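Coordinate analysis (summary)
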Amino acid sequence: MNDFFILMKQEIVIMIIIFALLIIKVGKDRSNDWVLNMVNILLLINFIAGFFYPKQGMLFNDMFRTTPLAVLEKNILSLGTLIISLQSYSWLKNHKHVIEFYVLLLSTLLGMFFMISSGNLLMFYLGLELSTIPLAAAANFDLQKKKSSEAAMKLIISSAFSSGLLLFGISLVYGTTGALTFTEITTHLSNNPLQIFAFILLLAGFAFKISVVPFHLWTADVYEGAPVAVTSYLSVISKGAVLFVFVSVLYSVFKPISESWYNMLFLLSVVTIVIGNLFAIRQNNIKRFLAFSSIAQIGFILVGITGTSQLGATSVIYFVLIYIFSNLAAFGVVSLVSAVTGKENISDYKNFYKSNPVLSWVLTIGLFSLAGVPPTAGFFGKFFLLMAGAGKGNYVLITIAALNMVISFYYYLRIVKAIFMDANEHPIEKVVIPGFSKIALYMCVAGIVLTGLVSYVYDYIHSLVPEI
Amino acid sequence: MFLSSLIILPLATAAGVLFCKGIKQVRNVSLVGAAAQMVLAFTFLIQYWKERAAGNQSQMLFQEDHTWFAPLNIHYHIGIDGISLSMILLTAFVVIAGVLVSWTMEKLNREFFFLLLLLSVGAYGFFISLDLFTMFFFLEVAVIPKFLLIGIWGSGKKEYSAMKLALMLMGGTALVFVGLMGVYFNTNTGNGAHTFDVLQISQMHIPVEVQKLFFPFAFVGFGIFTALFPFHTWVPDGHSSAPTAASMFLAGISMKLGGYGCLRVATFLMPDAAHAYAPVIIVLATIAIIYGAFATMMQTDLKYINAYSSVSHCGFVLLGIGMLTRTSINGAVLQMVSHGLMTALFFAAIGMIYTRTHTRLVAQLGGLLKVTPFISTVFVIAGLCSLGLPGLSGFVAEVTVFMGSWQNPDKLYRLATILACASIVVTAVYILRAAGKTVMGPISNAYEKLTDAKWNEIVAAGLLVIAIVAIGVAPFWLNDLIKPGTEIIMNKVLMIK
């Protein structure tokens, strides 16, 4: 019994928080401020509690597996959720359904935790569904806007379709290997065409979740329509969780067919980076822009995944952490400006520096980190990702990726240029930063500055990734 | 001696500038910081001389090595030899001159000086790094401040120039990255580990096929920084749209980052490929020299004249590196130092003229010697150094490159040398024409009331002129400084032959 509590401690903490929220909802009427303060403190406790007693073990007949690496991954996601929650303060302050929002969001987080710790394809699917469906409901939370409902519909329908593909793949895997547990599947895998087909279907399901081209078409519309908090959550946490699972599943379970998936990933990464870049250049809405730029970032992560297992896995997990900080820094500023002034176009940000110097610098640092400019952490993340990819000797891929970094530079610098250099007839007026948002933005900036220069984070992740 | 102080000092100055209020505090703090950098650079020079005199023959002195990312074998490894030291001195001179010339910068002055000092951090870090990752890190650190400096404080089509500069330099770093990866994964330090350490890699033998594949990446990547033809197109717009101090830094130091990289990384670590590609490098360098010179002749704007002439002069650096003889490599390093000082002086003079006359077009200027004798004299000195007048540093550098280039009897090499020498005539044409028209002749009424240089401009120009003359009249101290460093590189290169 003790084992159960220690091994599943992060899941249990989240469940307790969800139940606490439900009890608050049923109980005495509380003001939104009180609720928000309460939730943020609980999330902070959740994040800190994650660092105690990381243990290795399995439960429920290897359906639930936890390793120190899984614990770290869950902590990273908890941190991201905390930052997003802090940043959504101004939007949620006046919302009618705060508790429902948090219940939905934390349910998805719970699903992601189960997904990361799964040892069995069924458990994985359970976690995946739990992490998607409430999110589609949360995407509808800008209740007054039609675009929000449209985003939610698009998200649920495309998710359902991709889940269908995934299930088909899982059933084929079971049919050809006779096992659902990850360890058993590996022993029965070979370069059987039907198994490769099953893998392709699984890959399609994953690819949808992380917006790899050509499964990316839902991304821009959903990001644009959903409320900014949900967009941030989708772009970093949801993607991060699926990437974590993808990395561990790919290297351990599908090792026998590594030749086949290497070529597939090579192709997918090139296409993703190029298409993501090309479309990002043309965007004027900053939320759509961030959506497409995140597609290009995922392309870079795929380059890292193609590398050797230990280097590749380490660089991906490291980059997801950095990506959380960078993307949330950018989204934080965007969400604040959007909540206060409703302005979302890149041309609205011209001469932003004059009225909002602090927010300008935070947005710029976030964009530089996304672009990969030293000394921000994004430089280290991208460097190590491409280095992992180069380890396999595929210099064509690295050259394409490196040159595309220059293209991505262009569109990130375009926004920096607008902020600092262009003139504006209707500039954004001074935005007062609420306390919680300030904390969140400082956390993001601190993360961007420190995670790269201080090698401890990378070394720690590297020590946890198993050598396969 | 604590070498990291070269990075910490400008970083601390930059951070300090952020806390200042008002232009007086900002520029005083910057000046103190820049002066301290200069003192530090000279201290290192004296210590270096002492160490060498005491018999310390190791290639790099004052080394510091800390493991940064242990799993990837990335170290924060720094050290200097004669070549790096000469670059550090160059940087110190140009930075303090740049700070002094920008003394009256009113617009967003805190951010301006902050970015300028950040640039110097990047430059110092690059020149003292002995680990490829650290080198690459500092190389990229320097790009974004340039973008912001040109885009915010520049003139003319500044946003376009800034974006073009940033994208092309980043393209250069992307190519360098591929080259570095190729080198890294083909080094073997035992049980399959790789290393980024320059000194270690120089002891290893990288397979020739691998070298031939990755040398172009590294050389072209660094070459973009040094205006390698045909990737030089960022230079004219970038230098001309930039504010004065940024132009000085760009042309004076940033272009030398490329030359240093070509020498220390591409040639030193991949000597077989350097031999194989030498003819290509020489052809491209000669084209840059000739094309740069002729293109300059057509320019009517002083800054564009200097920018295109930078393309031409940096072609000498690449020519020296391509020729691969002891003398020519020495000449390349000498040219890096000399051109850096000279172009900084030239840009400073042009900046001084522009703030007074509000025009950079040669056709509109004239007779400035009467009203601004100091500035005009400085302007002419810079011009004479550019065309290689003996007694100034330009002559020393160019003669060394030519003598080194002539040593190779191959027809192509001799032809390239002759063409490069011939370009001096073209240089003389555009310099004498521009200088003559600007400082002599009748003076227009608008300029009768101009004031001559103020104290900050006098000190800035004076420092650069002293350095140029010191190298021009007594080049042996600089040559003896860089010779041991180039010897080691050349030993490696000649071993292959």
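Residues numbered from 1 in each chain as written. Chains lettered and ligands numbered in written order. Predicted model: local features only at pLDDT ≥ 70, side-chain atom pairs only at ≥ 80, totals over all residues.

Focus: the overall build of chain A
Looking only at helices and strands, one finds 21 helices and two strands in chain A. Against the globule reference of 23 Å for 468 residues, chain A gives a C-alpha radius of gyration of 21 Å, in line with a compact fold. With the C-alpha coordinates aligned to their principal axes, the bounding extent of chain A is approximately 65 × 60 × 40 Å. Out of the 468 residues belonging to chain A, those deemed buried represent 57%. Summarising the internal contacts of chain A: among those between residues at least 6 apart in sequence, 80% fall at separations of at least 24. (Helix = DSSP H or I, 4+ residues; strand = E, 2+ residues; numbered from the N terminus. Rg over C-alpha atoms; globule rule 2.2 N^0.38 Å. Buried ≥ 20, exposed ≤ 12 C-beta atoms within 10 Å, placed from the backbone. Contact = placed C-beta atoms within 7 Å.)

What to know about the overall build of chain B
In terms of helices and strands, chain B carries 20 helices and two strands. Summarising its shape, the C-alpha atoms of chain B cover approximately 75 × 55 × 45 Å along the three principal directions. Per-residue burial over chain B gives 62% buried out of 497 residues. Counting only contacts in chain B whose residues sit at least 6 apart along the sequence, the fraction spanning at least 24 positions is 80%.

Quick look at the pairing of strand 2 (residues 74-80) of chain B
Residues and elements named next belong to chain B. Among the seven residues in strand 2, seven count as buried, and that is most of the element. Residues of strand 2 alternate between two faces, with I74, Y76, I78 and I80 on one and H75, H77 and G79 on the opposite face, all of them buried. In the sheet, strand 1 (residues 61-69) pairs with strand 2 via six bridges, with the strands oriented antiparallel. Looking across to strand 2, one finds that E64 is bridged to I78. Taken together, strand 1 and the strand that follows it, strand 2, pair antiparallel across an intervening segment of four residues, in which N73 is found at a positive phi of about 60°. (Pairing = 2+ DSSP bridges.)

Topic: the interface of chain A and chain B
In this complex, chain A contributes 25 residues to the contact, which on the side of chain B involves 24 residues. At the level of secondary structure, the elements contributing two or more residues to the side of chain A that touches chain B comprise helix 18 (377-390), helix 19 (395-420) and helix 21 (456-464) of chain A. Ranked by residue count, the leading element in the side of chain A that touches chain B is helix 19 of chain A, at 12 residues.

Quick look at the packing of helix 4 (residues 68-87) of chain A against helix 6 (residues 98-116) of chain A
Residues and elements named next belong to chain A. Axis separation between helix 4 and helix 6 bottoms out at 10 Å; the angle between their running directions is 160°. Here helix 4 lies roughly antiparallel to helix 6, going by the angle between them. In this structure, the crossing between helix 4 and helix 6 has a hand that is right-handed. Counted together, A70, E73, K74, L77 and T81 of helix 4 and L109, M112, F113 and I116 of helix 6 form the full contact between these two elements. (Axes fitted to C-alpha atoms, helices over the stretch in contact; angles between N-to-C directions. Parallel < 35°, antiparallel > 145°, perpendicular 65-115°, else oblique. Left-handed = near helix turned anticlockwise from the far one by under 90°.)

Some words on the packing of helix 7 (residues 121-138) of chain A against helix 12 (residues 228-253) of chain A
Residue and element names in this part refer to chain A. Running from N to C, helix 7 and helix 12 point in directions that differ by 175°, and their axes come no closer than 11 Å. With respect to helix 12, the element helix 7 is oriented roughly antiparallel. Contact with helix 7, carried on its side by F124, S131, L135 and A138, involves V230, L234, S238, A241 and V245 of helix 12 and no other residues of that element. Looking at the contact of helix 7 with helix 12 residue by residue, the classes come out as seven nonpolar, two polar and no charged. (Nonpolar A, V, L, I, M, F, W, Y, C, P; charged D, E, K, R; others polar.)

A closer look at the environment of G367(B)
Residues and elements named next belong to chain B. Structurally, G367 can be placed in the loop between helix 14 (326-357) and helix 15 (368-371). Judged by C-beta crowding, with 18 C-beta atoms within 10 Å, G367 ranks as partly exposed. Residues in contact with G367, not counting those within four places in the same chain, are M440, G441, P442 and I443.

Some details on helix 3 (residues 32-49) of chain A
Residues and elements named next belong to chain A. Relative to the 26 Å expected for 18 residues at 1.5 Å per residue, helix 3 spans 25 Å between its end C-alpha atoms, a close match to the ideal helical length. Among all positions in helix 3, only L36, V39, L42, L43, N46 and F47 are buried. End-on view of helix 3: buried residues confined to an arc of 140°, all on one side of the axis. Among the exposed residues of helix 3, those pointing more than 90 degrees away from its buried face are D33, W34, I41 and I48. (Expected span 1.5 Å × (residues − 1). Arc of directions from axis to C-beta.)

As for the environment of L189(A)
All names here are of chain A. By secondary structure assignment, the location of L189 is in the loop between helix 9 (182-188) and helix 10 (193-209). Taking the C-alpha atoms as reference points, L189 and K255, 66 residues apart in sequence, are found 8.6 Å from one another. In contact with L189, not counting residues within four places along its chain, are T177, Q195, F254, P256 and I257.

Focus: unusual backbone geometry
Omega for the peptide link from P374(A) to P375(A) comes to 0°, which places this bond in the cis form. Relative to the helices and strands, P375(A) resides in the loop between helix 17 (357-371) and helix 18. Residue P230(B) is bonded to the preceding F229(B) through a cis peptide linkage, with omega at 0°. Turning to its location among the elements, P230(B) is positioned in the loop between helix 9 (208-225) and helix 10 (234-241). Of note in the backbone geometry, S211(A) takes a positive phi value of approximately 55° without being a glycine. Mapped onto the fold, S211(A) is located in the loop between helix 10 and helix 11 (217-225). For N73(B), which is not glycine, the phi dihedral falls at a positive 60°. For N73(B), the location among the structural elements is in the loop between strand 1 and strand 2.

A word on the nonpolar core
In a soluble, globular protein the nonpolar side chains are often hidden away together inside. Grouped together as the largest cluster of nonpolar side chains are 373 residues, with contacts concentrated most on I88(B), F93(B), A97(B), L345(B), A348(B), A349(B) and L464(B). For L464(B), the contacting residues outside a window of four places in its chain are F93(B), A97(B), L341(B), A344(B), L345(B) and A348(B). (Core = buried A, V, L, I, M, F, W, Y, C linked by C-beta atoms within 7 Å.)

Regarding the confidence of the model for chain B
Summarising the model, chain B shows a mean pLDDT of 89, and 99% of its residues fall at 70 or more. ipTM for the predicted complex: 0.90, alongside a pTM of 0.92. (pLDDT = per-residue confidence, 0-100.)

Overview of helix 7 (residues 158-185) of chain B
With 28 residues, helix 7 of chain B should reach 40 Å at 1.5 Å per residue; the first-to-last C-alpha distance of 40 Å fits that figure. Most of helix 7 of chain B sits out of view: 23 of its 28 residues are buried.

Some words on the environment of E398(B)
Residue and element names in this part refer to chain B. Assignment of secondary structure puts E398 in helix 17 (residues 393-406). C-alpha of E398 to C-alpha of G172: the two residues are 226 residues apart in sequence and 27 Å apart in space. Non-local contacts of E398, meaning those with residues more than four positions away in its chain, are made with F316, Q335 and G388.

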